[in-house]
Amino acid sequence: MPRIFACLSVANALLLVATGAFGVLAARLNVERHVLLAVFTLVISCLVQVIAFTYLTVTGKMIGQAVHLAGLDPLILAETKRLKRSLTVCLPLVFFPLVVVAASGASQWRSGGSATVHYLAAGGALATHLWAFWREYAVIVENAGLLRRTLETYSSVRARHSPGASSAPA
């Protein structure tokens, strides 16, 4: 999952930059193209966040089942909850700037006034996205390692306790 998330994040960042470029060139190009690309970028940004949150939720359930079924250390569950909280903190840092950019862009488009507020909001949204992607990637990498270690431990415990396992040393 870390590589998938990295690819999605890079694609989303490129869309954010392309949307900004279309916005700067909107006077020469068709403004509707900038708006269409902005809406598409907004949807993709939300999708990336949903995928990341769903990944942590599903793997957290898998880890929880492994811990309970194999009687593993319950501190593993506390670690999964910490990772999920770390990612959850990033969600408003992605969504709120997008709302501000959309609102300032709509206001500027409707009134035809200065685009300075919209440009500043867009720059802030790009910066917060990049920071959130970096932080979320670190959380996903850490979670993937925890999942791998937990499932390896679960497999070894289950192999020792399976009916076909020999208890006598060879």
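Above: the structure in question.
Residues numbered from 1 in each chain as written. Predicted model: local features only at pLDDT ≥ 70, side-chain atom pairs only at ≥ 80, totals over all residues. Heavy atoms only, no water.

1. As for the layout of surface pockets
- Roughly 750 Å³ of internal volume is contained in the largest pocket.
- In terms of lining residues, the largest pocket is bounded by 28 residues, among which Thr-19, His-34, Ala-38, Val-101 and His-118 are the most central.
- Taken together, the elements giving at least two residues each to the lining of the largest pocket come down to α1 (2-24), α2 (31-70), α3 (75-111) and α4 (116-161).
- Quantified by volume, the second largest pocket comes out at close to 200 Å³. (1 Å grid on protein atoms, 1.4 Å probe; cavity = no way out; pocket = protein on both sides within 12 Å on 5 of 7 lines; lining within 4 Å. Points joined across faces, edges and corners; volume = space filled by probe spheres on them. Helix = DSSP H or I, 4+ residues; strand = E, 2+ residues; numbered from the N terminus.)

2. Thoughts on the pattern of salt bridges
- For the structure shown, the criterion picks out three salt bridges.
- The salt bridge partner of Glu-79 is Arg-82, with a shortest N-O separation of 2.5 Å. Remark: Arg-82 and Glu-79 occur in helix α3; sequence separation between them is three residues, near one turn of the helix.
- The class for Glu-79 is partly exposed, based on a relative accessible area of 25%.
- The closest approach of N and O atoms between Glu-152 and Arg-148, which form a salt bridge, is 3.5 Å. Placement of both Glu-152 and Arg-148 in helix α4 is noted, with a separation of four residues, approximately one turn of the helix.
- A relative accessible area of 47% means that Glu-152 is categorised as partly exposed.
- Here the salt bridges share partners, and the residues they tie into one network are Glu-79, Arg-82 and Glu-142. (Salt bridge = Lys/Arg side-chain N within 4 Å of Asp/Glu carboxyl O. Buried < 20%, exposed > 50% of the residue type's maximum accessible area, 1.4 Å probe, protein only.)

3. Digging into α1
- Helix length check: α1, at 23 residues, gives a terminal C-alpha distance of 33 Å against a target of 33 Å (1.5 Å per residue), a fit within 8%.
- Residues of α1 that are buried include every one of Pro-2, Phe-5, Ser-9, Asn-12, Ala-13, Leu-15, Leu-16, Thr-19 and Gly-23, and no others.
- On its buried side, α1 packs onto α2 and α4. (Expected span 1.5 Å × (residues − 1). Contact = heavy atoms within 4.5 Å.)

4. Here we look at the state of the cysteines
- If you walk through the whole model with that rule in mind, you get zero disulfides.
- In this structure Cys-7 is not part of a disulfide, and its nearest cysteine sulfur, from Cys-90, lies 19 Å away.
- You can call Cys-7 exposed: its relative accessible area is 53%.
- Counting only cysteine sulfurs, Cys-46 is the nearest neighbor of Cys-90, a cysteine outside any disulfide, at a range of 15 Å. (Disulfide = S-S within 2.5 Å.)

5. Section: the nonpolar core
- Core analysis: the biggest nonpolar cluster contains 19 residues, and Phe-5, Leu-56, Ile-63, Val-67, Leu-72, Ile-76 and Ile-140 have the highest contact counts within it.
- Elements that contribute at least two residues to this core include exactly α2, α3 and α4.
- The biggest single contributor to this core is α2, with seven residues. (Core = buried A, V, L, I, M, F, W, Y, C linked by side-chain atoms within 4.5 Å.)

6. Regarding the packing of α1 against α2
- One way to put it is that α1 packs onto α2 with a least axis distance of 9 Å and a crossing angle of 160 degrees. On the basis of their axis angle, the class for α1 and α2 is roughly antiparallel. For the crossing formed where α1 meets α2, the hand is left-handed. Contacts from Phe-5, Leu-8, Asn-12, Leu-15, Leu-16, Ala-18, Thr-19, Phe-22 and Gly-23 of α1 reach α2 at Arg-33, His-34, Leu-37, Ala-38, Phe-40, Thr-41, Ile-44, Ser-45, Val-48, Ile-51 and Ala-52.
- Broken down by class, the residue content of the contact of α1 with α2 amounts to 13 nonpolar, six polar and one charged. (Axes fitted to C-alpha atoms, helices over the stretch in contact; angles between N-to-C directions. Parallel < 35°, antiparallel > 145°, perpendicular 65-115°, else oblique. Left-handed = near helix turned anticlockwise from the far one by under 90°. Nonpolar A, V, L, I, M, F, W, Y, C, P; charged D, E, K, R; others polar.)

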